[in-house]
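# Survey of secondary and tertiary structure
Take a look at the letters that make up each chain.
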Amino acid sequence: MHDKILILDFGSQVTQLIARRVREAHVYCEIHPNDVSDAFVREFAPKAIILSGSHASTYEAEDLRAPQAVWDLGVPVLGICYGMQTMAAQLGGAVEGGKTREFGYAEVRAHGHTRLLEGIQDFATAEGHGMLKVWMSHGDKVTTLPPGFKLMASTPSCPIAGMADEARGYYAVQFHPEVTHTVQGRALLERFVLQIAGARPDWVMRDHVEAAVARIREQVGDEEVILGLSGGVDSSVAAALIHRAIGEQLTCVFVDHGLLRLNEGDMVMDMFAGKLHARVIRVDASELFLGELAGVSDPEAKRKIIGRLFVDVFKAEAAKLKAGSGGHKGASFLAQGTIYPDVIESGGAKTKKATTIKSHHNVGGLPEQLGLKLLEPLRDLFKDEVRELGVAVGLPPEMVYRHPFPGPGLGVRILGEVKKEYADLLRRADAIFIEELRNFRDEASGKSWYDLTSQAFTVFLPVKSVGVMGDGRTYDYVVALRAVQTSDFMTADWAELPYALLKKVSGRIINEVRGINRVTYDVSSKPPATIEWE
């Protein structure tokens, strides 16, 4: 059994980042709504509890409180932002609305040597005070310390920016250590989890493989599983892990909608059918998809058509497999690459106090429609953990660490109507861009520009421009290159690619892809733009 940290979510948009930082310290943790029962908290048996931030005010939201069991268990507790305020309110302190809202960069002075902050600082003042560069986001603030607490940190506008009752292991900070803007945030969270809570750092993906395999075998028994393989990271890792567990009992269905990247279908088949010897049924549905997309230019309409057709094609294949064929008795499980952020985002507190950003649904409600049980072996993992697991089960790093690719594929990277001619031109142009990103290395870091960007791709613009090739005039299509850098995909900056790289890519595309005579580079950040164009 792993040591566990319980994170209670009061509705902050960055609660997931707390969990990611704890997992990066190799300690297992889970996020649950703040309104879980006392019995749940006791049964979870955490080594420590972390209380998240919130969009709410403590003096307005009387019901947005931590369960009493949090204070009765006798384990260390860390309150962050709203978590600090509810700790103060519940333990006898006072919270008031602030005159000035503090949002953004701040410098916090540490007071009194507590175990949490001892030796952790960004710089010292002339008077010798240790200072932290942090990210603040709050309107309310603690105005009276609860009995037994001492001051741990302050800013000019927030005299109580941190507090501690070290006898009980209670610590709280008004700033957000989970965001990258708080420079020592990771050190602070690791100090709390590893040293104050004493949790064992034993959450390691290579060790997790065998436990995951055992759990799949136990759940599936001698029954059969069907999985929709997209070529994306999540479905690929799920397929490799399930195949390791049950071998021939797994059948993968790979629907090729004609909107994949260059040679992607062959690469998926070579990896899964060729190297892993998994059962993969490849369905070439490109004519069906392109036929239905003819004349459709609205982005949302295109997404809906692609999603509906994928479900239709997959259901038809699943029906055949469910009926049993070729010596197989038929599938009774549907496997999906659902990962932990999907699970969290579909949750929200039972009281609906937590703001749910989006609902996650199984693709088209397939388990219900097909009458199949659900197998989700990655539902406890964050994306970076899924990638580590993929390498641990033998998938090549270049497959596992590929940039994200949208479900509708090139359908949303061809602006307006989707035509086979456009898809073929875009595939070739995009392959050149990615190849050169992999080839070009940054001199300072030694890394390729593919690894230095979070997502990079080419967009097909359905406009023509005049060009000159040889002695002749051309009138051909335009593509835009897009490359961004981001840590969380919620915000992103356009990547400042070297001019030499852009020059090489542009020259190759125009010379090698007949039909394209102009290449542009997208220098928009998110927000206000989105990463994808559609």
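Residues numbered from 1 in each chain as written. Predicted model: local features only at pLDDT ≥ 70, side-chain atom pairs only at ≥ 80, totals over all residues. Heavy atoms only, no water.

Looking up the chain in an unreviewed UniProt entry gives the name GMP synthase [glutamine-hydrolyzing], with the organism given as Rubrivivax gelatinosus. Within the UniProt record for the chain, the comment given under Subunit (unreviewed entry) is "Homodimer." Regarding the chain, the relevant UniProt record gives this comment under Function (unreviewed entry): "Catalyzes the synthesis of GMP from XMP." (UniProt positions renumbered as here; feature names shortened; annotations may be inferred.)

### Thoughts on the environment of Pro67
Along the polypeptide, Pro67 turns up in the loop between strand E3 (48-51) and helix H3 (69-72). When its relative accessible area of 9% is taken as the criterion, Pro67 is described as buried. Considering only alpha carbons, one finds Pro67 and Asp38, 29 residues apart in sequence, at a separation of 5.8 Å. With sequence-adjacent residues up to four places away left out, Pro67 is seen in contact with Leu8, Asn34, Val36, Asp38 and Val41. (Helix = DSSP H or I, 4+ residues; strand = E, 2+ residues; numbered from the N terminus. Buried < 20%, exposed > 50% of the residue type's maximum accessible area, 1.4 Å probe, protein only. Contact = heavy atoms within 4.5 Å.)

### Brief notes about the sheet that holds strand E12 (residues 250-256)
Hydrogen bonds along the backbone pair up the strands of a sheet, which may run parallel or antiparallel. Sheet architecture is open: five strands sit in the order E13-E12-E11-E14-E15, paired in parallel fashion. Either end of the sheet is taken by a strand with one partner, and the two such strands are strand E13 (279-284) and strand E15 (373-375). For this sheet, the mean angle separating the axes of adjacent strands, direction not counted, is 30 degrees. Alignment of strand E11 (residues 224-229) against E12, held across five bridges, turns out to be parallel. Within E12, the position partnered with Ile226 by the bridge is Thr251. (Pairing = 2+ DSSP bridges. Axes fitted to C-alpha atoms, helices over the stretch in contact; angles between N-to-C directions.)

### Observations regarding the UniProt feature "binding site: ATP" (unreviewed entry) in the chain
Listed under "binding site: ATP" (unreviewed entry) in the UniProt record, and renumbered for this structure, are Ser230, Gly231, Gly232, Val233, Asp234, Ser235 and Ser236. Mapped onto the fold, Gly232 is located in the loop between E11 and helix H7 (233-246). Checked against the element boundaries, Val233 lands in helix H7. For Val233, a relative accessible area of 12% gives the class buried. Ignoring any residue separated from it by four or fewer positions in sequence, one finds Val233 in contact with Lys383, Val386, Arg387, Met399, Val400 and Arg402.

### Some points on the environment of Trp71
As for its placement among the helices and strands, Trp71 is situated in helix H3. Other than its neighbours up to four places away in sequence, Trp71 contacts Leu51, Ala66, Val77, Met87, Gln90, Leu91 and Tyr170.

### A few points about unusual backbone geometry
Of note, the bond from Lys526 into Pro527 is cis; its omega dihedral lies within 30 degrees of zero at -15 degrees. Position of Pro527 relative to the elements: it lies in the segment after strand E19 (516-521). In this structure, the amide linkage connecting Pro527 to the following residue, Pro528, adopts the cis form with an omega of 10 degrees. On the secondary structure map, Pro528 appears in the segment after E19. Even without a glycine there, the phi angle at His26 is positive, about 65 degrees.

### Brief notes about the nonpolar core
If you look at the biggest cluster of nonpolar residues, it comprises 51 residues, and the most contacted ones within it are Ile226, Leu437, Leu497 and Ile509. Here the element with the most residues in this core is helix H15 (residues 420-439); it accounts for nine residues. Those residues in contact with Leu437 that lie beyond four places of it in its chain are Ser448, Trp449, Tyr450, Ala456, Leu497 and Leu501. In terms of nonpolar packing, the next biggest core, distinct from the first, is built from 43 residues, Val225, Ile246, Val268 and Leu378 among them. (Core = buried A, V, L, I, M, F, W, Y, C linked by side-chain atoms within 4.5 Å.)

### Details of the pairing of strand E2 (residues 28-33)
Judged by how many residues are buried, E2 sits mostly within the fold: five of six residues are covered. Alignment of strand E1 (residues 4-9) against E2, held across six bridges, turns out to be parallel. Across the sheet, residue Asp9 finds its bridge partner in E2, namely Pro33. Note on the crossover from E1 through helix H1 (residues 15-24) to E2: the handedness is right-handed. (Right-handed = clockwise from strand over helix to strand, strands pointing away.)

### Overview of the packing of aromatic side chains
For the structure on display, the rule yields eleven aromatic pairs. Ring centres of Tyr340 and Phe382 lie 5.5 Å apart, and the angle between their planes is 80 degrees; on these two criteria the pair is classed as edge-to-face. A residue pair is termed long-range when its members are at least 10 positions apart, and Tyr340 in helix H11 (residues 340-345) and Phe382 in the loop between E15 and helix H13 (383-392) qualify at 42 residues. Take Tyr340 and Phe382: they sit in the same class, and that class is buried. One aromatic cluster is present, built from ring pairs that chain together Trp71, Phe149 and Tyr170. Above the ring of Phe44, the side-chain terminus of Lys4 is found at 4.3 Å from the ring centroid. Positioned over the ring face of Tyr450 is Arg438, at 3.9 Å from the centre of the ring. (Phe/Tyr/Trp six-rings, centres within 6.5 Å; stacked < 30°, edge-to-face > 60°. Lys NZ or Arg CZ within 6 Å of the ring centre and 35° of its normal.)

### Topic: the pairing of strand E8 (residues 150-155)
In this structure, E8 lies alongside strand E9 (residues 158-165), joined through four bridges in antiparallel fashion. For Thr155, the partnering residue across the bridge sits in E9 and is Cys158.

### A word on the layout of surface pockets
Of the voids in this model, the second largest pocket is the one considered here, and its volume is about 870 Å³. In terms of lining residues, the second largest pocket is bounded by 35 residues, among which Gln13, Val14, Phe103, Trp135 and Ser137 are the most central. When contributions to the lining of the second largest pocket are tallied by element, the ones reaching two or more residues are H1, helix H4 (82-90), strand E5 (94-110) and strand E7 (130-144). For the lining of the second largest pocket, the element with the highest residue contribution is E7, accounting for five residues. In terms of residue class, the lining of the second largest pocket is built from eleven nonpolar, 18 polar and six charged. (1 Å grid on protein atoms, 1.4 Å probe; cavity = no way out; pocket = protein on both sides within 12 Å on 5 of 7 lines; lining within 4 Å. Points joined across faces, edges and corners; volume = space filled by probe spheres on them. Nonpolar A, V, L, I, M, F, W, Y, C, P; charged D, E, K, R; others polar.)

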